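The lines below spell out each chain.
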Amino acid sequence: MKQGFTKQGFRQSQAGLHTWSGLLVGWVLYLIFLNGAVSYWREEITRWAQPEIGATRNLETVTRGAIAHLQATAPKAASWQIMLPDERASGATTTYREKGKKPVLRGDDPTATLIGPDGKPTVARDTEGGDVFYRLHFDLRYMPVIWGRWVVGFCSMFMLVAIVSGVITHKKIFADFFTFRPGKGQRSWLDGHNALAVLALPFHAMITYTGLVTLMVIYVPFGVTANYPTLKAYYAESAPRLKPVKPTGQPAPLTDIGPVLATAARLWDGGQPGIIRIDNPGDKAARIVLTRRASDKLVDGRWEIVFDGVTGKVRSSVAPTSAGMITRGGMIGLHAGRFAPMTLRWLFFLSGVAGTAMVATGLVLWTAKRRAKLGTRFHLGFWVVERLNVGAVAGLPLAMTGFLWANRLLPTGMAHRADWEVHTMFLAWGATLLHAFVRPPNKAWIEQLSLTGVALLLLPVFDQAATPRGLIDSLKAGDGALVGMELGLLVLGASFLAIAWRTARSQAKRRAKDAALVQLAQARG
Amino acid sequence: MTLLALLLSLAGFTALALAMDRHHHTATGARPAKRRKRLLQLAGILALTLAFVVAIAAWGWAYGPIYWLGLLTAGAAPALLALTYAPPRRKP
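Values in this document were obtained by computation on a predicted structure and should not be read as measured data. (Residues numbered from 1 in each chain as written. Chains lettered and ligands numbered in written order. Predicted model: local features only at pLDDT ≥ 70, side-chain atom pairs only at ≥ 80, totals over all residues. Heavy atoms only, no water.)

Some words on the domain arrangement of chain A
Residue and element names in this part refer to chain A.
Then, number 1: Assigned domains of chain A: these are domain 1 (8–41 + 130–238), domain 2 (59–127 + 239–332) and domain 3 (376–525).
Then, number 2: Computed over C-alpha atoms only, the centres of domain 1 and domain 2 are separated by 35 Å.
Then, number 3: Facing the 12 residues of domain 1 at the interface are seven residues of domain 2.
Then, number 4: Regarding the contact of domain 1 and domain 2, the summed buried area is about 830 Å², with carbon and sulfur atoms giving 55% of it.
Then, number 5: Contact with domain 2 buries surface across domain 1, with Val213, Thr214 and Ser238 losing the most and accounting together for 41% of the total.
Then, number 6: Counting the contacts that link domain 1 with domain 2 gives zero salt bridges.
Then, number 7: The interface formed by domain 1 and domain 2 contains three residue pairs in polar contact (both at pLDDT 80 or more).
Then, number 8: Of all the elements in the fold, those that place two or more residues in the side of domain 1 that touches domain 2 are helix H7 (201–214), helix H8 (216–219) and helix H10 (231–238). (Domains from an automatic or database assignment. Contact = heavy atoms within 4.5 Å. Buried area = accessible area lost by both parts, 1.4 Å probe. Salt bridge = Lys/Arg side-chain N within 4 Å of Asp/Glu carboxyl O. Polar contact = N/O pair within 3.5 Å; in protein donor to acceptor, adjacent residues only side chain to side chain. Helix = DSSP H or I, 4+ residues; strand = E, 2+ residues; numbered from the N terminus.)

Digging into the packing of helix H4 (residues 131–139) of chain A against helix H5 (residues 145–169) of chain A
Residue and element names in this part refer to chain A.
Then, number 1: It is the contact of H4 with H5, at a shortest axis distance of 7 Å, that shows an interaxial angle of 65°. Taken as axis vectors, H4 and H5 run roughly perpendicular relative to one another. Each of Arg135, His137, Phe138 and Asp139 in H4 lies in contact with H5, whose residues at this interface are Val145, Gly148, Arg149 and Val152. (Axes fitted to C-alpha atoms, helices over the stretch in contact; angles between N-to-C directions. Parallel < 35°, antiparallel > 145°, perpendicular 65-115°, else oblique.)

So, the interface of chain A and chain B
Then, number 1: In this complex, chain A contributes 23 residues to the contact, which on the side of chain B involves 22 residues.
Then, number 2: Around 1,800 Å² of area is buried between chain A and chain B when both sides are counted, 74% of it from carbon and sulfur atoms.
Then, number 3: Its largest share of buried area at the contact with chain B, chain A owes to Phe178, Leu199 and Leu347 of chain A, together 38% of the area lost on that side.
Then, number 4: Across the chain A-chain B interface, the total number found is one salt bridge.
Then, number 5: At the junction of chain A and chain B, the tally comes to five residue pairs in polar contact (both at pLDDT 80 or more).
Then, number 6: If you list the elements that add at least two residues to the side of chain A that touches chain B, you get helix H6 (186–199) and helix H13 (342–374) of chain A.
Then, number 7: At five residues, H13 of chain A tops the list of elements feeding residues into the side of chain A that touches chain B.
Then, number 8: Here the side of chain A that touches chain B is built from residues that sort into 17 nonpolar, three polar and three charged. (Nonpolar A, V, L, I, M, F, W, Y, C, P; charged D, E, K, R; others polar.)

Quick notes on unusual backbone geometry
Residue and element names in this part refer to chain A.
Then, number 1: One non-glycine residue, Leu140, adopts positive backbone phi at about 55°.
Then, number 2: The residue Leu140 is located in the loop between H4 and H5 in this model.
Then, number 3: In the Ramachandran plot, Tyr142 falls in the positive-phi region, its phi being about 60° despite a non-glycine side chain.
Then, number 4: With respect to the helices, strands and loops of the structure, Tyr142 is situated in the loop between H4 and H5.

Some points on the packing of aromatic side chains
Aromatic ring pairs: the centre-centre distance and the angle between the two ring planes describe each pair.
Then, number 1: Taken as a whole and judged by the stated rule, the model has 26 aromatic pairs over all chains.
Then, number 2: Relative to Phe348 of chain A, the ring of Tyr40 of chain A has its centre 5.3 Å away and its plane inclined at 70°; by these criteria the two rings are edge-to-face. Of this pair, Tyr40 of chain A sits in the loop between helix H1 (10–39) and helix H2 (42–49) while Phe348 of chain A sits in helix H13, and the two are 308 residues apart along the sequence. One exposure class covers both Tyr40 of chain A and Phe348 of chain A, and it is buried.
Then, number 3: Centre to centre, the rings of Phe378 of chain A and Trp383 of chain A are 6.4 Å apart; their planes meet at 55°, and the pair counts as tilted.
Then, number 4: In this structure an aromatic cluster arises from ring pairing among Tyr40, Phe203, Phe339 and Phe348 of chain A together with Tyr63 of chain B.
Then, number 5: Note that Arg292 of chain A overlies the ring of Trp303 of chain A, its terminal NZ or CZ placed 4.8 Å from the centroid.
Then, number 6: Above the face of the Trp48 of chain A ring, Arg408 of chain A is positioned so that its terminal group lies 3.6 Å from the ring centre. (Phe/Tyr/Trp six-rings, centres within 6.5 Å; stacked < 30°, edge-to-face > 60°. Buried < 20%, exposed > 50% of the residue type's maximum accessible area, 1.4 Å probe, protein only. Lys NZ or Arg CZ within 6 Å of the ring centre and 35° of its normal.)

Shown next, in the form of structure tokens:
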């Protein structure tokens, strides 16, 4: 490395760039990829995390129930809000704002009530569910959101560099398109890394680029700052807010929500609302604002229809119109895949898993390459990377499984329960890192991978025994999402055990080979 | 339609793999003749193009290309796994 990059050929310089840009941010990229892939099942995980509520069958029932609940509990509120589920999710949430109070922007809204599929208020365990992985994917945790986003953006930029330099440096990446030679140590890791990269290359390039685009206004604000005095001014123009309406003081009954929903579906080509806001309910100046949900369109953006709350007539509507907004919205939509029906969702998820495995094999490859050269000599950098790899690659999935177990085992009445589920995950991750540094890496790999496998396999067993929605119950109820979750946990658990077993077997082989070599040397010596 | 596009993708990548010396050798025990190589490449490209046509016909111009790219990955992976773990039996 000391010669500097300039004296080497272009491809070698790219090799150095690829190796070091990859290693530097590899552990964070692994977290981003793994949590991103898992987030394609965000709604399903949330449903699994709240076994108290069943699947939503009829949106109108839920909407009517939510309005009835608000009417009964907060008839004089300044504004009501209903967050509706899509087909994959369950349970609507209602909140309201009393007159003269500011809306709650972040954190728990004390007025929040969960409405079950039957339209009646219900209670479920306090959990972030699938949102925890979704947030971790781009906000990280235990730091201001903006810091997390900068770290993730920085690492994603490196990812983009690693993708381009990787295609250049693995010169045989396309010639070796179909090549995988297992059981050959470093060679196999390189083959695997290449195959995982090239097979899902369109996905990797797309997901990294569009990921950066989702937060581009934070990372590259110059286009905005050159044209607007403040970011706020830019948002005010690009996504204008509705002007508040003053109540008249004259009471008037709210229009029936049925025709309102029907009109919205007609105007949105069958689209459904994700949020319903009702301003000045019960007043003559009532207004109903429907915001379209993200799951029935590719382009992410604000689609809104404003109805007169008394007559039910359409007053105004907004949809993304400029080419720039549609392009950006299309990229964000493609990244998050909220629109994706099941087939496509599986393709997205499997490509995401391939990306996760690509990063993991890249990290392991770094050590595999250097192990042969170092022999038995001690090298601090190698020592640290080897152990961090165990704690990240094997430790993070174990910690995430810990979150799922915390969701099942923490008492439902516990204070700050949702927070403690997350704390459990990070405490578990800390433990796996500690474990990776006190145990020999060979053993640490196998122990953590097998523990993850067993912990995942036992979850469906626990669900069947202790919750009303185990695999058999969900099969009987025809609840596809929960059947998928339970089967998914089983398959994942079995996969982790299989990887642990293969690791153990290949280690045994290597030991046998080493022993044979030593014997041969002794016999000759 | 998903299945059709997936099968076309799998067939296309299998043909493209067999057009490569190493994999043709794994499968048949010999290197492919030039003419055969060309034909396999052509067949491979044709199958992948057909998969694209099917995807556009089924899902339109907005979603079709996304499905196509996803199904390319899904078709190439089994081709790779088959060549690695279950290479076709060679004739003695």
